[in-house]
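Remarks on the overall topology
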Amino acid sequence: MRHFVRPLLLTALAVCCGLAFAATAEKAPQGRLPRWAVPQSYRLAFKVDPAQQDFSGTTTIALKLAKASDHLWLDGSELKVSRVTITDAAGKAHEGKYVDVDPKAGVVRVDFGRMLAPQALTLRFDYAAPLNAQLQGLYKVTAKGQPYAMTQMEAISARFAFPGFDEPDFKTPFDISLTIPDADTAVANTRQVSLVPAGKGWKTFTFARTLPLPTYLVAFGVGPWSMVTAADISPDAWRAKPLPLRGIAAAGEAHRMRHVLGETPSITHALENYYGFGYPWDKLDLLAAPDFAAGAMENPGLVTFRDWFLLLDKDSPARNVRGSFNVAAHELAHQWTGDTVTMAWWNDIWLNEAFATWMQQKVTEQVHPEYRADLDRVHGAQGAMANDSLVSARRIRQPITGNGDIETAFDGITYQKGASVIGMFENYVGEKTFQQGMRAYIQQHKFGNATASDLVDAIATAAGKGAAFKHAFNSFLDQSGVPYVQTQLQHKDGRTVLQLSQSRYLPLGSTGDAKRIWGVPVCVRYGTADGSKVSCTMLDKPTGSMQLAGAGASTWVMPNANASGYYRFSLDKHALGSLVTQVGKLSDAEQLAYADAVDASFAHGDLDAGDVLAALKPLTGSKVREVATAPLHQIAWIYHHEANTDAQRAAIAARVKDAYLPRLEQLGYQRKSGESEDAPLLRSTLAGALAFDFKLPEVRAALLKQGEAALKRKPDGRLDLAAADPDLLGDALGVAVQTHGKSAVDALMAELPQTSDPALRNGILGGLAHAEDPALAEQVRNFAVAKQVKVGEMYSLLLGDRDTRAGRDALWQWFTTHYAQVLARTGSFAGGRLPWLAAGGGCSRAEADRLQAFFKSRMDDAAGIDRGLAQTSESIRLCSALKAAQDPKAIAALR
């Protein structure tokens, strides 16, 4: 929005009644700020030395005051404001007062000292603030002993860096300048336009004015960055000018960004071609952050990532290489959905994240079809369904009642469920039609804001659909839960009809109400004399039906054709018996849906463990990694929670060994020249599961050999971490930790501070997390809150030793004793994860009860704890109920 100054009939002080700052009786806003004060532009000037603990700044906001008032509300947190200067429309300045009304929420009041008429105002704030220690706002990190300062403003952390209107629909241009030490350099959202001296030892960078942005997308970084300039991304039909492209990393690391920079042009062109709209920002920098709270952040012009996504070489783990592409595609997709068009409020964060997830999968399928993004979509949706089966699950469009609802919105419901629902309705209306709707949506709302209704209306218009379609789409947005579609075949008068019904899927032990209706686009595959066919219908009532043309009396039915629907289908023993013989005729995606149906039917109480093990067996021989490994998670649950005797566990392990060990031994435990890109991922998945979930001696011996080699000292005294296969490093070190105990733990702890390579650090952390000995596990947990471990790495060290009650009890004792230290390292973004960190993986009512008792008086310690507590407690109780319902005899006969 531009800043217009309208002529006023009254001067700014026309209603002046003195200079006293009388406290307004108005209460601080709970939720959104009032709309009678609207920012038009910002000028942000920072003075930052990353070597110091604090920074200073001047924020100047041009705003429009739409009603007479003696104050306004905005956001600020931990800011020491020394002066507020208010300049009215006539150019006259006077001092205001900054009142920190609600420090926890970060809401402040600016008192004008007099009543001001509606007009254009300029507010200037002079302030200082600490460089944040929790990876939010403007925060400080260290790499190789050198300090850096950088930003992470999403979701509501811009208020830690500067005072402002920290809400997504207040989009304005920003002018940013950074005064920094001579030895450092600076980057920001836009191109640098000047660099001038600023006194002894200081210099000032000034950057071009941005296009309209919300505060959460403002980004910059200061430090001894290294940079690599790639070739410009060439113009195309949608963008007339070449696009400058750079990689930015900690000192000496930028050269390792060549791989991701080489992939970026193909991603950008694919997105431009889909949306029919050129990349709109004046440059594209990718920055590898030395420490980071999220996976990556879509700041326009300056996209930031966890460093291991960008710092790659020939020895990088395959999962990092593939993850690099997928995450880059996701963040670049945001340049259209999120940055160009921004949700109006946080209840529609799915318009950013779900669409970026969905679009990333489309780009990956186009550029790297061998990555099988189609199966990633199915796997992601199934992970979301596990959470969505909880009564405490969020909606996609969850009402926002406080900051906690904002911070906990970045979850599998928003990302993976949202993407799956989008894909389901895209499949229903057709890809080209959906694309037309998306192009119209971008054009209609570019550089502004949008709501779910805007998006659904655009798709409906493109598809020629009316209220019924919109109702169906909204039924997935505005209510939580997973539809549970039940089918029954009927043969009458030569016709085959599939009867359909729907309810909410609820596992054993749930207290939820199953009576819930969606508008579900149901597509089924069924057998015919010459193969199979697909038939679709909209199931928007409790029951429905469809005729299966060409189906015979002995037909079989796969109730989720191509796994394109966000729903589960019932699979009792009779239905299972019919479908299990046809598994080989299903597509890869359908086989994943079949595996999920088996798991869901087990959790629903329709199948026992013996049924599950038999039903999943046909999948283990698939040549497709994602399908072959799909059964492992469910088998591991049965192994750990239902097998009560050594004989039962040995029987399950023997089945796993027969199914998977020959394949792992064929792959070998080292990379091979010429092997497929998928081979390292399969090797890593199988080795980790067989060594740790099922404790197969053959696999543990092979990994131990590599772990011991990695722990040997080189002539310089450092560990020889490169001696292990890069995809197996964490697992190899983990087996070594479990075998050699304290000597291995001490060696890895000493090595971590000397190691800057993010992949090697991840390997060390992964190895340490496998400590099982109670004393060593406690030593590792203590290390997690030590300064040698980055804030963003703490969680990875606290994830291990959860498979047994004894291990979880030891973790619980440690967590409750060290809660204050963990909380001090937990930013607002991660508050909702604290209950899971304390008790995730629990499977008894006692564990749920103690979790509730501990956090009952700590709900206000961090935003989002209440939702995290509800979901973790419910998950534990459901696990307990499922475990209690099992009959160990169901697996007693296994051979």
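Notes on the structure follow. Small disclaimer: the values here were computed from a predicted structure and weren't measured.

This part is about the overall build of the chain. Secondary structure assignment for the chain yields 28 helices and 28 strands. Its C-alpha radius of gyration of 29 Å places the chain within 12% of the 29 Å reference for a compact globule of 895 residues. Over its C-alpha atoms, taken along the principal directions, the chain stretches across nearly 90 × 75 × 55 Å. Put simply, the chain has 895 residues, and 60% of those count as buried. Approximately 33600 Å² of the chain is accessible, and the part contributed by carbon and sulfur atoms is 52%. Averaging the positions of the 94 positive and the 93 negative side-chain charges in the chain gives two centres separated by 2 Å.

Below, the discussion takes up the pairing of strand β1 (residues 37-47). Regular strands show a simple pattern: their side chains alternate between the two faces of the sheet. Of all 11 residues in β1, 8 are buried, a share of seventy percent or more. Inspection of the sheet shows β1 paired to strand β2 (residues 54-65) by 10 bridges, in the antiparallel sense. Note that in β2 the partner of Leu-44 across the bridge is Thr-59. Sheet topology places β1 next to strand β10 (residues 174-181); 6 bridges connect them, and they run parallel. Residue pairing in the sheet places Phe-46 in a bridge with Leu-178 of β10.

Let us now look at the state of the cysteines. Under the counting rule described, the total for this entry stands at 2 disulfides. For Cys-523, the disulfide goes to Cys-536, at an S-S distance of 2.1 Å. Judged by the sign of its S-S torsion, about 110 degrees, the bond between Cys-523 and Cys-536 is right-handed. Pair noted here: Cys-523 is in strand β24 (residues 520-528) and Cys-536 is in strand β25 (residues 531-539), with a separation of 13 residues, a long-range link. The class for Cys-523 is buried, based on a relative accessible area of 7%. On the basis of relative accessibility, which here comes to 46%, the residue Cys-536 falls in the partly exposed class. A sulfur-sulfur separation of 2.0 Å characterises the disulfide bridge that pairs Cys-843 with Cys-879. In this structure, the disulfide formed by Cys-843 and Cys-879 twists by about -90 degrees around the S-S bond and is classed as left-handed. Placement of Cys-843 in the loop between α26 (834-839) and α27 (845-855) and of Cys-879 in helix α28 (residues 865-885) is noted, with a sequence separation of 36 residues between them. Cys-843 gets classed as buried once you look at its relative accessible area, which sits at 5%. Taking relative accessible area as the criterion, Cys-879 reaches 12% and is therefore assigned buried.

Below, the discussion takes up the pattern of salt bridges. The final tally for this structure, using the stated rule, is 49 salt bridges. Its salt-bridge partner being Asp-809, residue Arg-805 comes within 2.9 Å of it at the nearest N-O pair. In this pair, Arg-805 and Asp-809 both sit in helix α24 (residues 805-817), 4 residues apart, roughly one turn of the helix. The exposure class of Arg-805 is partly exposed, given its relative accessible area of 35%. A residue is classified by how much of its surface remains accessible, and Asp-809, at 27% relative accessible area, is partly exposed. Through salt bridges with shared partners, a single network forms among Lys-144, Glu-253, Arg-256, Asp-313 and Asp-757.

With that settled, the discussion passes to the nonpolar core. Of all hydrophobic cores here, the largest spans 172 residues; its most connected members are Phe-162 and Trp-350. In contact with Phe-162, not counting residues within four places along its chain, are Tyr-42, Leu-44, Phe-46, Thr-59, Asp-75, Leu-79, Tyr-127, Met-153, Phe-174, Thr-215 and Val-218.

A few words now on the packing of helix α3 (residues 318-333) against helix α4 (residues 350-367). Two numbers describe how α3 lies on α4: the axes approach to 8 Å, and their chain directions differ by 125 degrees. Between α3 and α4, the interaxial angle falls into the category oblique. Relative to α4, α3 is oriented so that their crossing is right-handed. Listed contacts from α4 to Phe-325, Asn-326, Ala-329, His-330 and Ala-333 of α3 are Glu-353, Ala-356, Thr-357, Met-359, Gln-360, Val-363, Thr-364 and Val-367. Looking at the contact of α3 with α4 residue by residue, the class counts come to 7 nonpolar, 5 polar and 1 charged.

Applying the stated criterion to the full structure yields 2 cavities of 30 Å³ or more. The calculated volume of the largest cavity comes to roughly 110 Å³. Lining the largest cavity are 15 residues, with Gln-382, Met-385, Asn-560, Gly-565 and Tyr-567 positioned closest to its centre. Among the elements of the structure, α5 (373-388), β28 (568-569) and α12 (588-604) are those that each provide at least two residues to the lining of the largest cavity.

Here the focus is unusual backbone geometry. Cis rather than trans, the peptide bond between Glu-154 and Ala-155 has omega equal to 5 degrees. Relative to the helices and strands, Ala-155 resides in the loop between β9 (146-152) and β10. Backbone geometry at Lys-144 places phi at a positive 50 degrees, although glycine is not the residue there. With respect to the helices, strands and loops of the structure, Lys-144 is situated in the loop between β8 (137-143) and β9. We note that Phe-447 has phi near 65 degrees; this positive angle belongs to a residue other than glycine.

What follows concerns the layout of surface pockets. One number sums up the size of the second largest pocket: a volume of about 940 Å³. Broken down by class, the residue content of the lining of the second largest pocket amounts to 14 nonpolar, 15 polar and 12 charged.

Quick look at the pairing of strand β16 (residues 243-249) now. Counting buried positions along β16 yields 5 of 7 residues, so the element is predominantly enclosed. In the sheet, strand β15 (residues 226-233) pairs with β16 via 6 bridges, with the strands oriented antiparallel. Directly across from Val-228, in β16, lies its bridge partner Gly-247. Of the crossover connections in this fold, the one passing from β16 over helix α1 (residues 258-275) to the parallel strand β17 (residues 284-289) is left-handed.

Here the focus is the sheet that holds strand β23 (residues 495-504). Strand order across the open sheet formed by 4 strands is β26-β23-β22-β28, with mixed pairing between neighbours. Taken across any chain shown, the strands that pair with only one partner, and hence form the sheet edges, are β26 (543-547) and β28. For strand β22 (residues 483-492) and β28, the ladder comprises 2 bridges, and the chain directions are parallel. Paired with Val-485 across the strands is Phe-569, a residue of β28.

Read from one edge to the other, the open sheet built from 5 strands follows the order β15-β16-β17-β19-β18, with strand pairing classed as mixed. If you trace the sheet from one side to the other, it starts and ends with β15 and β18 (296-297), each paired once. Pairing geometry for β16 and β17, over 4 bridges, is parallel. If you follow Leu-245 over to β17, its bridge partner there is Leu-284. Each of β15, β16 and β17 is contacted by α1, which is oriented at about 35 degrees to β15, the strand it contacts most. Here α3 sits on the sheet and contacts β17, β18 and β19 (302-306); the angle it forms with β19, its principal contact strand, is near 150 degrees.

Turning our attention to the environment of Ser-578. Considering the arrangement of structural elements, one finds Ser-578 in helix α11 (residues 573-580). Sequence separation between Ser-578 and Arg-781 is 203 residues; the distance between their C-alpha atoms is 49 Å.

Attention shifts here to the packing of aromatic side chains. On inspection of all chains with the given rule, the structure shows 40 aromatic pairs. With centroids separated by 6.0 Å and ring planes inclined at 75 degrees, the aromatic side chains of Phe-425 and Phe-476 adopt a geometry described as edge-to-face. Of this pair, Phe-425 sits in helix α7 (residues 413-429) while Phe-476 sits in helix α10 (residues 467-477), and the two are 51 residues apart along the sequence. With a relative accessible area of 0%, Phe-425 lands in the buried category. For Phe-476, a relative accessible area of 0% corresponds to the buried category. It is Lys-47 that lies over the ring of Trp-202; its NZ or CZ is 4.4 Å from the centre.

Criteria and cut-off values
- Residues numbered from 1 in each chain as written.
- Predicted model: local features only at pLDDT ≥ 70, side-chain atom pairs only at ≥ 80, totals over all residues.
- Heavy atoms only, no water.
- Helix = DSSP H or I, 4+ residues; strand = E, 2+ residues; numbered from the N terminus.
- Rg over C-alpha atoms; globule rule 2.2 N^0.38 Å.
- Buried < 20%, exposed > 50% of the residue type's maximum accessible area, 1.4 Å probe, protein only.
- Areas by Shrake-Rupley, 256 points an atom, 1.4 Å probe, with all protein chains shown as cover.
- Lys, Arg positive; Asp, Glu negative; His and termini not counted.
- Charge placed at Lys NZ, Arg CZ, Asp CG, Glu CD.
- Pairing = 2+ DSSP bridges.
- Disulfide = S-S within 2.5 Å.
- Salt bridge = Lys/Arg side-chain N within 4 Å of Asp/Glu carboxyl O.
- Core = buried A, V, L, I, M, F, W, Y, C linked by side-chain atoms within 4.5 Å.
- Contact = heavy atoms within 4.5 Å.
- Axes fitted to C-alpha atoms, helices over the stretch in contact; angles between N-to-C directions.
- Parallel < 35°, antiparallel > 145°, perpendicular 65-115°, else oblique.
- Left-handed = near helix turned anticlockwise from the far one by under 90°.
- Nonpolar A, V, L, I, M, F, W, Y, C, P; charged D, E, K, R; others polar.
- 1 Å grid on protein atoms, 1.4 Å probe; cavity = no way out; pocket = protein on both sides within 12 Å on 5 of 7 lines; lining within 4 Å.
- Points joined across faces, edges and corners; volume = space filled by probe spheres on them.
- Right-handed = clockwise from strand over helix to strand, strands pointing away.
- Phe/Tyr/Trp six-rings, centres within 6.5 Å; stacked < 30°, edge-to-face > 60°.
- Lys NZ or Arg CZ within 6 Å of the ring centre and 35° of its normal.

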